[in-house]
Amino acid sequence: MPKISIIAKDGTPFELQVEAGSTVMENAVRNSIPGIVSECGGACACATCHVYVDEEWIERVGPPGSIEADMLEFAYDVRSTSRLSCQIKVSEEHEGLTMHVPERQS
Amino acid sequence: MISMSNNPIDQGARIVVIGAGQAGFTACAKLRELGHPGPITLIGEEAHPPYQRPPLSKGYLLGEMTEDRLYFRPINFYQERSIDLRLSERVGFIDRVSKVVGLSNGSTVPYDRLILTTGARPRSLPAEIGGDLEGVFYVRNLADINSMAHHFRPGQHVLIVGGGYVGLEAAAVSAKLGLEVTLIEASQRILQRVACPQTSAYFRNLHGKEGVVLCEDTGLKRLSGEDGHVRSAELADNSVLPIDFVIVGIGVVPNVELAEAAGLTIDNGIAVDEDCRTSDPDIYAAGDCASFPWRSRRIRLESVGNAIEQAESVAKALMGQSSGYEAKPWFWSDQFDVKLQIAGYSQGYDNVATRKSVGDGVSYWYYRGGDLLAVDAMNDPRVYMVAKRLIEAGTSPDPTVVSDPATDVKSLLP
């Protein structure tokens, strides 16, 4: 059960103990973290679960897949650390993973 | 006192929500998020806490998702926010004079504002043609999927009745799991009601390639059974097909009966205005059950996006933050390795432009005259994202520019 941390847009940190194999989006939504919408529920179809992965983590988390990258290209304020959180599966190696919620989703 | 849309409800106002699907859940969550402190009651017929339906015909049917992962929120969410979640409860009537909702167990729940999120139900096959046989399933509820799950064994022969998105998704899952799949569609082509011939052809080819036997212009005469269980299907051309079970996806009907019995205006759904308010100013409706004014006509959308946005505008209207609901229709479907994303609403189109992107992406752009109405994008998320923005902004690129493969789709954005 790695612990991950999501910083809301107002700076409030949410520390979550999550199951390995679950996605960051699922955990964010279950815990009602503001700013993660996820209309499509994880189908990589809506781009409303955009997060910035902390610089320190981006290499370990890795780049977006091709569909994800295509969706992200048109997201609001996309950066080199942008990912769709429904496509980030948490593993044991992600202990301490930190992400930030963007200003808005679209 | 007449409640005006700009006046927020009293802090103590009792909100009752009938229907615990996407719209009902969203309305309650949004009301709390916007700070309504008064009592909220969410009444649902099913035993499960509110859950996502789209995966039912996709990942959940494939066995890739467990039940609890479908739930929007864990059960403690409702307790923590004092949302009185009443599951396995049926509403029998709405009394608009006394402002109470009557439950089938005989008790009543008083309301100051009522929200109807009663959804839609699958159109059923008549019993006269075998619709009541065992082994005939629909794709709407968790219980529907759970009851058909044991049939999904390699070699079983499934008949899918209806070539809309639900039928096609069920066919894709069945074929992936090694079943023998026959899909019949009574009208001339699959997706006839919702898509252009090009999109129909795209999915016809895809399913054909994946081994689905797809018969268009083929009605169902009757299902026959042994010991009450369906065993064969007689088609309109008198051919008889041996089958093990049937999945029916022939559209849905909005659940308007409660509203109708209460005397609310019905027009292809519970009729609402721009604030999702029904003909009774204290009663709102949202989601699959509601028909709303849109570009000088009235439409009803069956989609998650619409359920969320309408439910949020109900909450905003109640809190005195009404901004008027403006639909931004979008849909998606997953079949085999194809992701279809639809931006806009194509009804009323008179011409279609085709765009082939680098790789296997294809998209069809629906126009009425020079106005872009909608885009079906297959494995082409960039096109979808651009199209969604264009349509929401009311911008219509020239179809010849759209079709030109040399055009970078991004350059279409203003």
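For the structure, check the block above.
Quick caveat: nothing in here was measured; it's all calculated off a predicted structure. (Residues numbered from 1 in each chain as written. Chains lettered and ligands numbered in written order. Predicted model: local features only at pLDDT ≥ 70, side-chain atom pairs only at ≥ 80, totals over all residues. Heavy atoms only, no water.)

K.L.:
Before we move on, can you summarise the packing of helix α1 (residues 22-33) of chain B against helix α7 (residues 304-318) of chain B with the specific residues and values?
P.N.:
Residues and elements named next belong to chain B. Two elements in contact, α1 and α7, have axes separated by 8 Å at closest approach and are oriented at 35°. The handedness of the crossing between α1 and α7 is right-handed. Contacts between α1 and α7 involve Gln22, Ala23, Thr26, Ala27, Lys30 and Leu31 from the former and Val304, Ala307, Ile308, Ala311, Glu312, Ala315, Lys316 and Leu318 from the latter. Within the contact of α1 with α7, the residues separate by chemical class into nine nonpolar, two polar and three charged. (Axes fitted to C-alpha atoms, helices over the stretch in contact; angles between N-to-C directions. Helix = DSSP H or I, 4+ residues; strand = E, 2+ residues; numbered from the N terminus. Left-handed = near helix turned anticlockwise from the far one by under 90°. Contact = heavy atoms within 4.5 Å. Nonpolar A, V, L, I, M, F, W, Y, C, P; charged D, E, K, R; others polar.)

K.L.:
I'd love a proper account of the pairing of strand β2 (residues 40-43) of chain B, names of residues and values included.
P.N.:
All names here are of chain B. Going residue by residue along β2, you find Ile40 and Leu42 tucked away on one face and Thr41 and Ile43 tucked away on the opposite face as well. Sheet topology note: the strand β1 (residues 15-18)/β2 ladder contains four bridges and is parallel. Opposite Ile18, over in β2, you have Ile43 as the bridge partner. In this fold, β1 hands off to α1, which returns the chain to β2; that crossover is right-handed. Bridge analysis of β2 against strand β3 (residues 83-86) gives four bridges, and the strand direction is parallel. The residue bridging Leu42 from the neighbouring strand is Leu85, located in β3. (Buried < 20%, exposed > 50% of the residue type's maximum accessible area, 1.4 Å probe, protein only. Pairing = 2+ DSSP bridges. Right-handed = clockwise from strand over helix to strand, strands pointing away.)

K.L.:
Before we move on, can you summarise the packing of aromatic side chains with the specific residues and values?
P.N.:
Scanning the entire structure with this criterion turns up 12 aromatic pairs over all chains. Each ring, one from B:Phe152 and one from B:Phe245, has its centre 5.4 Å from the other, and the planes form 65°; the classification is edge-to-face. Highlighted residues: B:Phe152 in the loop between α3 (142-148) and β10 (157-161) and B:Phe245 in strand β16 (residues 245-248), separated in sequence by 93 residues. Taken as a pair, B:Phe152 and B:Phe245 share a single burial class, namely buried. Seen in terms of ring centroids, B:Trp330 and B:Tyr384 are 6.2 Å apart; in terms of plane orientation they differ by 50°. Their pairing is tilted. Within this pair, whereas B:Trp330 is found in strand β22 (residues 330-335), its partner B:Tyr384 is found in helix α8 (residues 381-393), the two being separated by 54 residues in sequence. Summarising the burial analysis for this pair, B:Trp330 and B:Tyr384 share the class buried. Linked through ring pairs, B:Phe25, B:Phe72, B:Phe77 and B:Tyr78 together constitute an aromatic cluster. In this structure, A:Arg104 packs its charged tip against the face of A:Tyr76, placed 3.8 Å from the ring centre. Here the guanidinium or amino end of B:Lys410 rests over the ring plane of A:Phe74, the centre of that ring lying 5.6 Å away. (Phe/Tyr/Trp six-rings, centres within 6.5 Å; stacked < 30°, edge-to-face > 60°. Lys NZ or Arg CZ within 6 Å of the ring centre and 35° of its normal.)

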